[in-house]
Amino acid sequence: MTPAVELRGVTRRYGDMAAVDGVSLAVAPGEFLTLLGPSGCGKTTLLRLIAGSEVLTAGSVWIDGRDVTALPAFRRPVNQVFQSYALFPHLTVEGNVAFGLHMQGVAPAEMARRVGEALELVSLGGLGARRPHELSGGQKQRVALARAVVCRPRVLLLDEPLSALDAKLRHAMQLELKRLQRQLGITFVFVTHDQEEALTMSDRIALVHRGRIEQVGTAHDVYHRPVTRFAADFVGQANLLDVELAGREGADVLVRGPGGLELRLPATAWPDGTKRATLLVRPEKIHVSRKTGIGPNTFPARVEEEIFQGAMDHLSLVTSGGLRLAVVVANESQLGDIFHAGDTVHCALHADDLVVLPAE
Ligand SMILES: Nc1ncnc2c1ncn2[C@@H]1O[C@H](COP(=O)(O)OP(=O)(O)OP(=O)(O)O)[C@@H](O)[C@H]1O
Ligand SMILES: [Mg+2]
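What you see is a predicted model; the values in this text were computed from it and never measured.

Caption draft 1: Structural context of the nonpolar core. Grouped together as the largest cluster of nonpolar side chains are 37 residues, with contacts concentrated most on Val97, Leu145, Leu156, Leu158 and Leu177. At the level of secondary structure, the elements contributing two or more residues to this core comprise helix H2 (93-104), helix H3 (108-121), helix H4 (137-149), strand S7 (155-159), helix H5 (167-184) and strand S8 (187-192). Ranked by residues supplied to this core, first place goes to H4 with 6 residues. Filtering out sequence-adjacent residues up to four positions away, Leu156 remains in contact with Asn79, Gln80, Val81, Ala148, Val149, Ile186, Thr187, Phe188 and Val189.

Caption draft 2: Spatial organisation of the environment of Ala4. Among the structural elements, Ala4 can be located in the segment before strand S1 (5-14). Ala4 sits 276 residues away from Leu280 along the chain, and the two C-alpha atoms are 35 Å apart.

Caption draft 3: Structural context of the site of ligand 1. Surveying the vicinity of ligand 1 reveals the residues Tyr14, Met17, Ala19, Pro38, Ser39, Gly40, Cys41, Gly42, Lys43, Thr44, Thr45 and Glu160. Between ligand 1 and Gly40 there is a distance of 2.7 Å, counted from an oxygen atom to a backbone nitrogen or oxygen. A distance of 2.8 Å separates an oxygen atom of ligand 1 from a polar atom in the side chain of Lys43. Look at ligand 1: alone it shows 640 Å² of surface, and the protein chains cover 58% of it. Put simply, the parts of the chain that give the shell around ligand 1 at least two residues each are strand S2 (17-27) and helix H1 (43-51). Ranked by residues supplied to the shell around ligand 1, first place goes to H1 with 3 residues. Residue composition of the shell around ligand 1, grouped by class: 5 nonpolar, 5 polar and 2 charged.

Caption draft 4: Layout of the pattern of salt bridges. This model, assessed by the stated rule, comprises 20 salt bridges. Between Arg154 and Asp64 there is a salt bridge, with its nearest N and O atoms 2.6 Å apart. A residue pair is termed long-range when its members are at least 10 positions apart, and Arg154 in the loop between H4 and S7 and Asp64 in the loop between strand S4 (58-63) and strand S5 (66-67) qualify at 90 residues. On the basis of relative accessible area, Arg154 is assigned to the partly exposed category, the value being 42%. The salt bridge partner of Arg114 is Glu110, with a shortest N-O separation of 3.3 Å. Taken together, the residues Arg114 and Glu110, both in helix H3 and 4 residues apart, mark about one turn of the helix. A relative accessible area of 9% places Arg114 in the buried class. Take Glu110: its relative accessible area is 30%, and that puts it in the partly exposed class.

Here is what the cut-offs are and how they apply
Residues numbered from 1 in each chain as written. Chains lettered and ligands numbered in written order. Predicted model: local features only at pLDDT ≥ 70, side-chain atom pairs only at ≥ 80, totals over all residues. Heavy atoms only, no water. Core = buried A, V, L, I, M, F, W, Y, C linked by side-chain atoms within 4.5 Å. Buried < 20%, exposed > 50% of the residue type's maximum accessible area, 1.4 Å probe, protein only. Helix = DSSP H or I, 4+ residues; strand = E, 2+ residues; numbered from the N terminus. Contact = heavy atoms within 4.5 Å. Near = heavy atom within 4 Å. Polar contact = N/O pair within 3.5 Å; in protein donor to acceptor, adjacent residues only side chain to side chain. Areas by Shrake-Rupley, 256 points an atom, 1.4 Å probe, with all protein chains shown as cover. Nonpolar A, V, L, I, M, F, W, Y, C, P; charged D, E, K, R; others polar. Salt bridge = Lys/Arg side-chain N within 4 Å of Asp/Glu carboxyl O.

Below is the structure:
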């Protein structure tokens, strides 16, 4: 299938600094792809390169199988939504949404019909006569969305469109935006630095780090099978342990970690010829109980801190060797184990839950 958007070796330099550094990426038609990464990693620059509002230093940009690298922004079949809404303050809601159609010379009757449809789509029917200053933040963002989709772009580029909204409204808008995207079948390239938002909304996530794409995959892939320390750390909470090969026993390898921790892994999980690696242990994969652990990968620890968060308990544990581990325990019933600061507990890890990452 021809990708809706394809970047081939795209680079953008400012002086001797590469804001985007040799990025290749294909976005499928109708896909919701999220560019996720920390501030300054190059997300906005990548969007601007797709939109054509930024000039490439090297590489090419393709939309629907067509090389658009030399096309100016207004000739590309894409539209953008910004964090700041960027509405025209002197125009009504209808005027704002109609703006693009007006520029395209769409006939008045057709224009009224499509503006009405777009406003219904974002649940703003009835507010068409208001001006932007008479709307809430969430309503303004909906107008910006209606304005962007009314022209039926092939691709919609969204740069942190929800970051100005409070947590509750933001969550509601995440679900709404996802529904809208499915309904319209438009390809979305969505930018956020919020990993939860990325996990909630995306078909696939592209993790951006220092101008490069570190990993592309489903939320599930990126969370459970990160390929680098950065990916493991940026998505979800992570315990990252620097470990060293200590020996082999049958089909297993033994590794030694910080604080004298010894763990046993299947040798198949350990890359050949490797001496050192980083182990990822997600906080919910550390099984905590009051009973003494037996077998491999069990060890005692002390609860240093307990933070109750309703459905979950967040524990900070310290092993006898001084290794600190973050643990999340589900509060399944009121009668279940409740751990408090100062308690001694026993931890168990399943070898399958340990992810081996290259040492850095
Ligand atoms: N016009 C410019 N001139 C010089 N440097 C720039 C310019 N635009 C961006 N940069 C630099 O390029 C890098 C990437 O910037 P970009 O805006 O793409 O980051 P971002 O991932 O969108 O960050 P944020 O999450 O803070 O919005 C940054 O180091 C930034 O300072
Ligand atoms: Mg940005």
